[in-house]
Amino acid sequence: GRARCVGQRLRRSLAQRPWKWKQLSRLQRTVVLFLLVVLMLFGILSYVHVADEWTAVDSRSAAAWRVKPANPPVLPAPRKAAENPETVAGLSPQKPQRHFRRGPPNLQMRAPDGDAQERRQAQAQRRAEVVGEAGWGAEAQRDGLSWRGAGTKAEQGARQPPKKAKVPRWPFQRQALTTQASQASQNERQKAVVDAFLHAWAGYRKFAWGHDELKPLTRSFSEWFGLGLTLIDALDTMWILGLKKEFQEARNWVSKRLLFQKDVDVNLFESTIRILGGLLSAFHLSGDVLFLTKAEDFGNRLMPAFRTPSKIPYSFVNIGTGVAHPPRWTSDSTVAEVTSIQLEFRELSRLTGDKKFQEAAEEVTKRVHALHGKLDGLVPMFINTNSGSFTHLGMFTLGARADSYYEYLLKQWIQGGKKESQLLGDYLEAVDGIRKHLLAKSEPRKLTFVGELNHGRFSAKMDHLVCFLPGTLALGAHHGLPAEHMELAQALMDTCYQMYRQMETGLSPEIAHFNLHHTKAVKDVQVKAADRHNLLRPETVESLFYLYRLTGDRKYQDWGWEILHSFNTYTRVPSGGYSSISNVQDPRHPQPRDKMESFFLGETLKYLYLLFSDDPDLLSLDTYVFNTEAHPLPIWAPS
């Protein structure tokens, strides 16, 4: 009542005489001024947002137009810094500050927008997919299936990224494009790989753009380092598959959004093989200097990891603060981590003329070479960053924590023009050690496998990771090592294939145990409940690629085709992407884990595509050496 009467008197008073500012109370004037300020701020922010949406694509630097790709059959030997005064200037790590741990920074959370009509079409397609997938789930339930992907062929009307990015004709592209696939020359199996890649990429682009990894079931993303791992890992795959539009769009993200000045810890090994290796490979294949500039910046930020008493690097480094440290629970690094970064750091020095990268990485190799605690060339799994000595002595494996040590001995020797005899000697000794201590045969099929040794006790356990070994052995034989290496490679390749073949889904478990007893009713490959997951790993198809490329036996292509079919049957998610699964022994309930690892695009699909190629000059093994993340780097010419 009282408030209403006061309001009526106020309205009559304002109607009878002109409104004046001074007639308002101090409180009323304050409220009016506050609202005006809010409106002004809102207008400014709206203008900035609209302006940002319409910002034109950044122009390339003049230097980019002058760069020639490093893409001849062989490249010159590493240059000394004094011989290359025009080295690209990198961003050195900042002075170490007090270390703070926080979550990864937010990156761009959506794919680049097309025009308004494209957005409306995408929204309509999204609604249609929701309805379609509801029907898909019901149909699967009627069939008694809780989760099942599509067949080998991509479904009709599979979503493609809506925006059609124009590919500029760079001056160096005439030479660089010779390594890029011509879609007209792709055979049917290669086209199936391209379909799989586009399906995976569509899910990443729509639901995880700019983030590390796609979670395809929940249509979201997960972060590890917050640096777009999947996108960088897939750059060279897109180039090799001839996906020019997708490559250009990813290149634009690298140019605009990939910033390393972030307060975030990265794992030295994982970030080196995926990010540094991916950028270097993208530079070599495309000739675009942007990738080399980013690679040098990132390499500089990794260097604090080597500042340890022993010169054995820490496992983690903060790329924003420059603070490096071991894992919180130990001062050890794994041997595979510290000895599987050399290909990338050596190549970065060769390209930039800055010797520090190569010197730091090769110092690790020299120290590991001289250490005690080996067994006929086999190395333990852990090394202490303070003392520089092996720890947990007496445990030997070619699986996790040691695997790529052996791979990089051979590949560094090949990369450097087969001149570094110490690397070759360590590799040959290790192969002899494998034969002497870790090889065994299963029952009833007599499959040759690589087990583990724990203080003299043999275990018939073999990680799927070990399936890199057939390819590595075959590569060594190709480069002149003993023919018996190829024989062992072929025997182990059969075993790795059986790890897939003997599973109900046709997909290998993460870890296999081999039967050693004479019981015909038992399969050779045994799986424990904790080990029956599949992470979309590449090691078997990697070795299939090497074995087919070097023997010409088409059974290896057929085996790879079976594996691709199994991936499409049990891991493909209709809305986009592929998911790792928890149970390779249950085709009715494979239990998807809602994660697509970056290496599925960076390695698995790349090796499948190369496996199905009959062109030996497509990334020739006499021209390129692949890092442990499948990023091809050039072989140096002898000096």
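Labelled according to an unreviewed UniProt entry, the protein chain appears under the name alpha-1,2-Mannosidase, originating from Muntiacus muntjak. Its UniProt record gives the protein chain the following Sequence similarities (unreviewed entry) comment, quoted word for word: "Belongs to the glycosyl hydrolase 47 family." In its Cofactor (unreviewed entry) section, UniProt records this for the protein chain: "Ca(2+)".

Q: It is not clear to me how the pairing of strand β15 (residues 511-514) should be interpreted in this structure. Could you clarify?
A: Every regular strand shows the same layout, with side chains that alternate between the two sheet faces. Of the two faces of β15, the one lined by Ile-511 and His-513 and the one lined by Ala-512 and Phe-514 are each fully buried. Relative to strand β16 (residues 525-526), β15 runs antiparallel, the two being bridged by two bridges. Counterpart to His-513 in the pairing with β16 is Gln-526.

Q: I tried to follow the packing of aromatic side chains on my own but got confused; where do I start?
A: Aromatic ring pairs are reported here in terms of the distance separating the ring centres and the angle at which the planes meet. This model, assessed by the stated rule, comprises 22 aromatic pairs. Ring centres of Tyr-556 and Trp-559 lie 5.5 Å apart, and the angle between their planes is 90°; on these two criteria the pair is classed as edge-to-face. With Tyr-556 and Trp-559 both in helix α19 (residues 555-570) and three residues apart, the pair spans about one turn of that helix. Given the relative accessible area of 1%, Tyr-556 is considered buried. Each ring, one from Trp-561 and one from Phe-612, has its centre 5.8 Å from the other, and the planes form 75°; the classification is edge-to-face. Of this pair, Trp-561 sits in helix α19 while Phe-612 sits in the loop between α20 (598-611) and β17 (624-626); the two residues are 51 residues apart in sequence, bridging distant segments of the chain.

Q: Where do I start with the state of the cysteines in this structure?
A: Simply put, the disulfide is a covalent bond whose two ends are the sulfur atoms of two cysteines. Throughout the structure, instances matching the rule amount to one disulfide. The disulfide partner of Cys-467 is Cys-496, and the gap between their sulfur atoms is 2.1 Å. On the S-S bond that ties Cys-467 to Cys-496, the torsion sits near -105°, and the link is left-handed. With Cys-467 in the loop between β14 (461-463) and α16 (469-478) and Cys-496 in helix α17 (residues 483-501), this residue pair connects regions lying 29 residues apart in the sequence. Comparing Cys-467 with Cys-496, the two get one shared label, buried.

Q: Explain the UniProt feature "binding site: Ca(2+)" (unreviewed entry) in the protein chain to me, please; I cannot follow it from the model alone.
A: Those residues carrying the UniProt feature "binding site: Ca(2+)" (unreviewed entry) are Thr-628 in this numbering. Following the sequence through the fold, Thr-628 ends up in the loop between β17 and β18 (632-634). Those residues in contact with Thr-628 that sit more than four places away from it in its chain are Phe-269, Ile-273, Ser-404, Glu-407, Tyr-408 and Glu-603. Among the polar contacts listed, one links the side chain of Thr-628 to the side chain of Glu-407, at a separation of 2.9 Å.

Q: I keep staring at the sheet that holds strand β7 (residues 382-384) and nothing clicks. Help me out?
A: As summarised here, the arrangement of the three strands in space is β6-β7-β8, forming an open sheet in which the pairing is antiparallel. Whereas interior strands pair on both sides, the edge strands pair on one side only; in this sheet they are β6 (332-334) and β8 (390-391). In this sheet, β7 lies alongside β6 in antiparallel orientation, the contact comprising three bridges. Bridging from a neighbouring strand, Ser-333 pairs with Ile-383 of β7.

Q: What should I look at first to understand the pattern of salt bridges in this one?
A: Two side chains bearing opposite charge may form a pair once their charged atoms approach each other closely. On inspection of all chains with the given rule, the structure shows 25 salt bridges. Residue Lys-411 is joined to Glu-407 by a salt bridge in which the shortest nitrogen-to-oxygen separation is 2.7 Å. With Lys-411 and Glu-407 both in helix α14 (residues 403-415), this residue pair falls four residues apart, about one helical turn. The class of Lys-411 is buried, set by a relative accessible area of 1%. We note a salt bridge from Lys-461 to Glu-452, for which the minimum N-O separation is 2.9 Å. Of the two residues, Lys-461 and Glu-452, both sit in the buried class. Residues joined by salt bridges that share partners form a network here, namely Glu-213, Glu-270, Arg-274, Lys-595, Glu-597 and Glu-629.

Q: Help me understand the sheet that holds strand β5 (residues 324-325) in this model?
A: In any sheet, the strands associate via hydrogen bonds between backbone groups, in a parallel or an antiparallel arrangement. Taken together, three strands build an open sheet; the order of strands is β3-β4-β5 and the sheet is antiparallel. At either end of the open sheet lies a strand with only one pairing partner, and these are β3 (265-267) and β5. With two bridges connecting them, strand β4 (residues 316-318) and β5 associate as antiparallel partners. Considered in β5, the bridge of Phe-316 is made with His-325.

Q: Explain a negative patch on the surface to me, please; I cannot follow it from the model alone.
A: Together, Glu-429, Asp-432, Glu-484 and Glu-487 line one region of the surface with negative charge. Elements represented by at least two residues in the negative patch include exactly α15 (421-437) and α17. Take Glu-429: it is sitting in helix α15.

Q: What's the story with the packing of helix α18 (residues 539-551) against α19 in this structure? I'm lost.
A: Two packed helices can be described by the angle between their axes and the distance between those axes. It is at 9 Å that the axes of α18 and α19 come closest, and there the two elements cross at 155°. In terms of their interaxial angle, α18 and α19 are classed as roughly antiparallel. Where α18 crosses over α19, the handedness of that crossing is left-handed. Contacts between α18 and α19 involve Thr-540, Val-541, Leu-544, Leu-547, Tyr-548 and Thr-551 on the former and, on the latter, Tyr-556, Gln-557, Trp-559, Gly-560 and Ile-563. For the contact of α18 with α19, the class distribution of residues is seven nonpolar, four polar and no charged.

The rules behind each value
- Residues numbered from 1 in each chain as written.
- Predicted model: local features only at pLDDT ≥ 70, side-chain atom pairs only at ≥ 80, totals over all residues.
- Heavy atoms only, no water.
- UniProt positions renumbered as here; feature names shortened; annotations may be inferred.
- Buried < 20%, exposed > 50% of the residue type's maximum accessible area, 1.4 Å probe, protein only.
- Helix = DSSP H or I, 4+ residues; strand = E, 2+ residues; numbered from the N terminus.
- Pairing = 2+ DSSP bridges.
- Phe/Tyr/Trp six-rings, centres within 6.5 Å; stacked < 30°, edge-to-face > 60°.
- Disulfide = S-S within 2.5 Å.
- Contact = heavy atoms within 4.5 Å.
- Polar contact = N/O pair within 3.5 Å; in protein donor to acceptor, adjacent residues only side chain to side chain.
- Salt bridge = Lys/Arg side-chain N within 4 Å of Asp/Glu carboxyl O.
- Patch = residues over 30% accessible without salt bridge, like charges linked within 9 Å, V, L, I, M, F, W, Y side chains within 5 Å.
- Areas by Shrake-Rupley, 256 points an atom, 1.4 Å probe, with all protein chains shown as cover.
- Lys, Arg positive; Asp, Glu negative; His and termini not counted.
- Charge placed at Lys NZ, Arg CZ, Asp CG, Glu CD.
- Axes fitted to C-alpha atoms, helices over the stretch in contact; angles between N-to-C directions.
- Parallel < 35°, antiparallel > 145°, perpendicular 65-115°, else oblique.
- Left-handed = near helix turned anticlockwise from the far one by under 90°.
- Nonpolar A, V, L, I, M, F, W, Y, C, P; charged D, E, K, R; others polar.

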